[in-house]
Amino acid sequence: MNPRLRRIFTPLILLFELKTIVLCLRKRAFDKTAGVDGLLEGSLLADAVKQALAQAVDLQSIIAALGETMGIASDDSKGLSSAYDEAGLRGFEDALVRIFLEQVADRKLHPVIREFIESFIDLRNIVILYKHLRWELESKAPFIRKGAIDTSDFRKILESHDQRGFDDLVRGVTGAPAVSNAAGEAALESVLLRGMTTKLRRIGRESEDVGLILDYVWRVYIQARNLAVIYHGEEVGPDALEKELIL
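Thresholds, definitions, all that
Residues numbered from 1 in each chain as written. Predicted model: local features only at pLDDT ≥ 70, side-chain atom pairs only at ≥ 80, totals over all residues. Heavy atoms only, no water. Helix = DSSP H or I, 4+ residues; strand = E, 2+ residues; numbered from the N terminus. Rg over C-alpha atoms; globule rule 2.2 N^0.38 Å. Buried < 20%, exposed > 50% of the residue type's maximum accessible area, 1.4 Å probe, protein only. Contact = heavy atoms within 4.5 Å. Areas by Shrake-Rupley, 256 points an atom, 1.4 Å probe, with all protein chains shown as cover. Lys, Arg positive; Asp, Glu negative; His and termini not counted. Charge placed at Lys NZ, Arg CZ, Asp CG, Glu CD. Salt bridge = Lys/Arg side-chain N within 4 Å of Asp/Glu carboxyl O. Phe/Tyr/Trp six-rings, centres within 6.5 Å; stacked < 30°, edge-to-face > 60°. Axes fitted to C-alpha atoms, helices over the stretch in contact; angles between N-to-C directions. Parallel < 35°, antiparallel > 145°, perpendicular 65-115°, else oblique. Nonpolar A, V, L, I, M, F, W, Y, C, P; charged D, E, K, R; others polar.

Chemist: Would you mind going over the overall build of the protein with me for this structure?
Modeler: Counting its regular elements, the protein contains 11 helices and zero strands. By the compact-globule yardstick of 18 Å for 247 residues, the protein fits well, its C-alpha radius of gyration being 18 Å. When the backbone C-alpha atoms are referred to their principal axes, the protein occupies close to 50 × 45 × 40 Å. In the protein, which comprises 247 residues, the proportion classed as buried is 43%. A sequence separation of at least 24 residues applies to 59% of the contacts in the protein between residues at least 6 apart. Accessible surface, the protein: about 13600 Å² in total, of which carbon and sulfur atoms supply 52%. When the 33 basic and 37 acidic side-chain charges of the protein are each reduced to a single mean position, those positions are 3 Å apart.

Shown next as structure tokens:
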């Protein structure tokens, strides 16, 4: 990519690298520092973040490095620490993605990247809504702001336990019928990701260089996800695998 395209795609690259950060922290939690080096070998994260993930002795040092390179405000850094204390790495990951997406959405973005970020936020919010509806969670739903769908729409469905409203929401976002609650979170995510794939194919056809590259990057991401599903699901039957693969 030339300098212009690198600037345009930096938010997208960082979004996909958030999983790298969490995987490194997961290995560090079990004192597997050798595995961290392998994860970071092909990473596009800033050197300061790589060094913190590989060498820092505590989470606060890593959060400080993230704050400096990703522009995370001090209050949000405290939020990351609190999320880790309260819910471990899963809570940290959810908070990191939420903070990152909300901050990115406040920036000046290329229209194609903005449409993707807003759609990605919507998908995350739909999964959050699904979890709270299915499991009747009492905790406040941590919906992410700045998506194409206002968070008030998600809260209305949640407060009224409107399953039909939820199904209509999924259908409107993906163009596909909503999955049943019994199908599980993985099946819902597959439907949502397929819907995103369809949208990005359309954008790739209709736009110039940025749309084409975005479609390509997304297809690479989906391929990597599918390979991970196949690798970790060797002992699972083909029917179960098919539900999680994004085709």
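Chemist: Please clarify how the environment of G88 should be interpreted in this entry.
Modeler: Tracing the chain through its elements places G88 in helix α5 (residues 74–105). Counting along the chain gives 62 residues from G88 to R26, while the straight-line C-alpha distance between them is 9.9 Å.

Chemist: How should I be thinking about the pattern of salt bridges in this particular structure?
Modeler: Side-chain pairs of opposite charge can arise where the charged atoms are in close proximity. As enumerated under the stated definition, the model contains 12 salt bridges in all. Residue E206 pairs with R202 through a salt bridge whose shortest N-O separation is 3.2 Å. Residue E206 and its partner R202 are both found in helix α9 (residues 185–206); the two are separated by four residues, about one turn of the helix. Taking relative accessible area as the criterion, R202 reaches 30% and is therefore assigned partly exposed. Residues participating in the shared-partner salt-bridge network are K19, R90, E93, D94 and R124.

Chemist: How do you make sense of the packing of aromatic side chains when you look at a structure like this?
Modeler: Taken as a whole and judged by the stated rule, the model has seven aromatic pairs. Taking 5.7 Å as the distance between ring centres and 65° as the angle between the ring planes, the aromatic pair formed by F116 and W218 counts as edge-to-face. Taken together, the residues F116 in helix α6 (residues 111–135) and W218 in helix α10 (residues 209–232) connect sequence positions 102 residues apart. Taking 6.2 Å as the distance between ring centres and 35° as the angle between the ring planes, the aromatic pair formed by Y130 and F166 counts as tilted.

Chemist: Just checking my understanding: could you explain the side chain of S190 for this structure?
Modeler: You can see S190 is positioned in helix α9. We classify S190 as buried; its relative accessible area is 0%. If we skip the residues at most four places from it in the chain, S190 touches K243, E244, L245 and I246.

Chemist: Can you help me understand the packing of helix α4 (residues 59–70) against α5 in this one?
Modeler: Each pair of packed helices can be summarised by the angle the axes make with each other and by the distance between the axes. Running from N to C, α4 and α5 point in directions that differ by 5°, and their axes come no closer than 13 Å. The orientation of α4 with respect to α5, classified from their angle, is roughly parallel. In this structure, α4 uses L59, Q60, I63, L66 and M70 to contact α5, whose residues at the interface are S77, L80, S81, Y84, F92, L96, F100 and Q103. Class assignment of the residues belonging to the contact of α4 with α5 gives a composition of nine nonpolar, four polar and no charged.

Chemist: How should I be thinking about the packing of helix α1 (residues 3–29) against helix α3 (residues 47–55) in this particular structure?
Modeler: At a minimum axis distance of 9 Å, the contact between α1 and α3 shows a crossing angle of 20°. As judged from the angle between their axes, α1 and α3 are roughly parallel. In contact with I21, C24, L25 and R28 of α1, α3 contributes A52, L53, A54 and Q55. Grouping the constituent residues of the contact of α1 with α3 by class yields six nonpolar, one polar and one charged.

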